[in-house]
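Observations on the model geometry
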Amino acid sequence: MTFSAFKYSIINHIALFIIIIPLLFLCACSPTSSPQNKATNNIFRHAQNIYSAPGSNRVTVYFNWGTQSDSITYILSDSLISNLQSHERHIPTPLSRVVALSTTHVAMLQEINEIESIVGVCDYYRISNKRIWQKHRADSLADLGVSMHVNHETLIKTQADAIFKSAFSAHDFKNDKVLHTLNTPLIYTYSWHEQTPLARAEWILFFGMLYNKFELADSIFSAIELEYTRIQERVSAEHTKPLVLSGDMVQDVWYMPGGKSYMASFIKDAGGNYVFSENTETGSVPLNFEYVLQNSRNATYWIGAQAENIKELQEKNPLYATLPVFSSGNCYSYYAQTNEHGGNNYWEQGYVRPDIVLADIVRILHPEILPQHSLVFYKNLE
């Protein structure tokens, strides 16, 4: 392995430990029923963790921490709001200067043409957006350090209207007490906890509302939803469903997406038979290699291997070579759009464009259905 490849691998593994590992057991919790689940007038048709009535300027985000649940209602208005309840937050809209602490926020703002409103970000090495890098090199964008330890002094200097942050646990609300004292609204998003690709992408409506661009955001999502559904319907008539392995190892543990997870939804919608489909977890499940080997002997595809090529994959862990699918030529990673810093557009644009991700997986599993589609986020490891 070259030094650059080694460095790239180290960076990605650090990111994996920082971001994914603490979430594995949180993600595995099944979401409890929230008031918006039963509402018939919710503008969010797919997302289960956010609610807003048609024409309302109130948006409620629901958080589920397993045995504990919380909610925050954001009131979007250009006027000062008084007598706020403890669970309510006023967001002066439209936003014009924001701090984005996650690549998913960058992607959402890119889609609604508000990338220029970003005045500060964390973890540059995870960002793919070219405009963000241009602003960074021109010193017109604040570097806030790492998301686990935001540089508060630099954040204050951005004079941002709001801070976007993904909420991962109940501790976030306590740990962010310093951020709450900055008089800059902190907007928590919880899209990562949604179980389906369309549900995650639908959060673009919230971003549209924050910029007084709901109609634009709604039209963008409607087009994504239409294309996703069109592809899904074409696949539904396919009777052959190849067995698919997913996930990868970190040290000696294989993290397998649960049977009700985001990745499992993609595989099912793409006409695949997932090796872990009987599982009921929504997040990744830690497994030993022997279990994976035993249950994937008949797998014809491995989707989600984390490497640039097959040689790197084997060097990463020699045990992979014992998997029958390893030597089949059907190993695919979502590393087709990575930059020299380790940023991966799969976790950026791919997050808000599930229709393209689905087309990729269909092209892999059923190439005859989408013969003209060229892989965008996935690539075959050769």
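Residues numbered from 1 in each chain as written. Predicted model: local features only at pLDDT ≥ 70, side-chain atom pairs only at ≥ 80, totals over all residues. Heavy atoms only, no water.

Let's talk about the packing of helix H10 (residues 214-236) against helix H15 (residues 354-365)
Basically, it comes down to this: Every axis corresponds to a line fitted to the C-alpha atoms, with the helix fit spanning only the stretch in contact, and the corresponding angles, defined between N-to-C directions, vary from 0 to 180 degrees. Under the scheme used here, helices are H or I runs from DSSP no shorter than 4 residues and strands are E runs no shorter than 2 residues, and both carry numbers assigned from the N terminus. By the definition adopted for this analysis, an angle is roughly parallel if under 35 degrees, roughly antiparallel if over 145, roughly perpendicular if from 65 to 115, and oblique otherwise. Left-handed describes a crossing whose near helix is turned anticlockwise from the far helix through less than a right angle; right-handed describes the clockwise counterpart. Contacts between residues were defined by any pair of non-hydrogen atoms, one from each residue, lying within 4.5 Å. Residues are grouped as follows: Ala, Val, Leu, Ile, Met, Phe, Trp, Tyr, Cys and Pro are nonpolar; Asp, Glu, Lys and Arg are charged; all remaining types, including Gly, are polar.
In contact at an axis separation of 8 Å, H10 and H15 are set at 20° when each is read in the N-to-C sense. In terms of orientation, H10 lies roughly parallel with respect to H15. The chirality of how H10 crosses H15 is left-handed. Side by side, H10 and H15 meet where Ile224, Glu227, Tyr228, Ile231, Gln232 and Val235 of the first sit next to Pro354, Asp355, Leu358, Ala359 and Val362 of the second. Considering only residue class, the contact of H10 with H15 consists of eight nonpolar, one polar and two charged.

A short note on the nonpolar core
Note that soluble globular proteins tend to have their nonpolar side chains buried in a common cluster. Selection criterion: Note on terminology: a nonpolar core comprises buried Ala, Val, Leu, Ile, Met, Phe, Trp, Tyr and Cys residues joined through side-chain atoms within 4.5 Å. Residue burial is assigned from relative accessible area. The probe radius is 1.4 Å, only protein chains are included, and a residue is buried under 20% of its type maximum, exposed over 50%, and partly exposed in between.
Residues Ile118, Phe206, Leu245, Trp254, Trp302, Leu323 and Tyr378 are the most contacted members of the largest nonpolar core, which totals 116 residues. In terms of residue count, the dominant contributor to this core is H15 (eight residues). Each residue touching Ile118, except ones within four places of it in the same chain, is listed here: Val98, Ala100, Val106, Leu109, Ile132, Lys135 and Leu141.

As for the packing of aromatic side chains
Our working rule: Only centres within 6.5 Å qualify two rings of Phe, Tyr or Trp (six-membered ring in Trp) as a pair; their planes then separate them into stacked at under 30 degrees, edge-to-face at over 60, and tilted for everything else.
Scanning the model with the defined rule gives 28 aromatic pairs in all. Ring centres of Phe168 and Trp192 lie 5.4 Å apart, and the angle between their planes is 55°; this geometry places the pair in the tilted category. Residue Phe168 is found in the loop between strand E10 (162-166) and helix H6 (171-175), and its partner Trp192 is found in the loop between strand E11 (186-189) and helix H8 (197-201); the two are separated by 24 residues along the sequence. Taking 6.3 Å as the distance between ring centres and 75° as the angle between the ring planes, the aromatic pair formed by Phe276 and Tyr291 counts as edge-to-face. Taken as a pair, Phe276 in the loop between strand E15 (273-274) and strand E16 (284-287) and Tyr291 in helix H12 (residues 289-295) lie far apart in primary sequence, 15 residues in all. For Phe276, a relative accessible area of 7% gives the class buried. The partly exposed category is assigned to Tyr291, whose relative accessible area is 37%. Clustering of aromatic rings is evident, with ring pairs tying together Phe63, Trp65, Phe168, Phe173, Tyr188, Tyr190 and Trp192.

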